[in-house]
Amino acid sequence: MLRVSEQTRERVRQLAQGEFGGVSVDEAFRRLLDEHWESAAVAAVEYTREHEPHEWEAYLAEARAWAAAGASVTD
């Protein structure tokens, strides 16, 4: 069980109804967690690109190799 204040529950209920088209509160939490993970992943990629140029170049080289093999970069 997850303990949250009534205010937090109400905010998530409103988000579930308004932003997520009426999904359950459970689904709204899942979507929020997924969005948080995606945001953190994007920030990590941006950090690598800006602050670790050698690592970024290695990433791009690997992506090119996968692309040349006909595979999706996400594979």
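Residues numbered from 1 in each chain as written. Predicted model: local features only at pLDDT ≥ 70, side-chain atom pairs only at ≥ 80, totals over all residues. Heavy atoms only, no water.

## Remarks on the environment of Tyr47
And then number 1: Relative to the helices and strands, Tyr47 resides in helix α2 (residues 25–51).
And then number 2: With a relative accessible area of 45%, Tyr47 lands in the partly exposed category. (Helix = DSSP H or I, 4+ residues; strand = E, 2+ residues; numbered from the N terminus. Buried < 20%, exposed > 50% of the residue type's maximum accessible area, 1.4 Å probe, protein only.)

## Describing the pattern of salt bridges
A side chain of one charge can pair with a side chain of the opposite charge if their charged atoms are brought near each other.
And then number 1: Inspection of the entire model under this criterion finds six salt bridges.
And then number 2: Two residues, Glu6 and Arg9, come together in a salt bridge whose shortest N-O distance is 3.1 Å. Taken together, the residues Glu6 and Arg9, both in helix α1 (residues 6–18) and three residues apart, mark about one turn of the helix.
And then number 3: On the accessibility criterion, Arg9 (32% relative accessible area) is partly exposed.
And then number 4: A salt bridge links Asp26 to Arg30; its shortest N-O distance comes to 2.8 Å. With Asp26 and Arg30 both in helix α2 and four residues apart, this pair spans about one turn of that helix.
And then number 5: Connected via shared salt-bridge partners are Glu6, Arg9, Glu10 and Arg13. (Salt bridge = Lys/Arg side-chain N within 4 Å of Asp/Glu carboxyl O.)

## Comments concerning the nonpolar core
And then number 1: Of all hydrophobic cores here, the largest spans five residues; its members are Val12, Ala16, Phe20, Val23 and Ala28.
And then number 2: Apart from residues no more than four positions distant in its own chain, Phe20 is found in contact with Leu15, Ala28, Arg31, Leu32 and Glu35. (Core = buried A, V, L, I, M, F, W, Y, C linked by side-chain atoms within 4.5 Å. Contact = heavy atoms within 4.5 Å.)

## Overview of a negative patch on the surface
And then number 1: Side chains of Glu19, Asp34, Glu35 and Glu38 sit close together on the surface and give a patch of like negative charge.
And then number 2: Note that Glu35 resides in helix α2. (Patch = residues over 30% accessible without salt bridge, like charges linked within 9 Å, V, L, I, M, F, W, Y side chains within 5 Å. Areas by Shrake-Rupley, 256 points an atom, 1.4 Å probe, with all protein chains shown as cover. Lys, Arg positive; Asp, Glu negative; His and termini not counted. Charge placed at Lys NZ, Arg CZ, Asp CG, Glu CD.)

## Topic: the confidence of the model for the chain
Caution applies to low-pLDDT parts of the model: their predicted coordinates are not meant to be read in detail.
And then number 1: Chain-level pLDDT for the chain is 92 on average; 93% of the residues reach the 70-or-more range.
And then number 2: Helix α3 (residues 53–68) is the least confidently modelled element of the chain, averaging 92 in pLDDT, while α2 averages 96, the highest of any element. (pLDDT = per-residue confidence, 0-100.)

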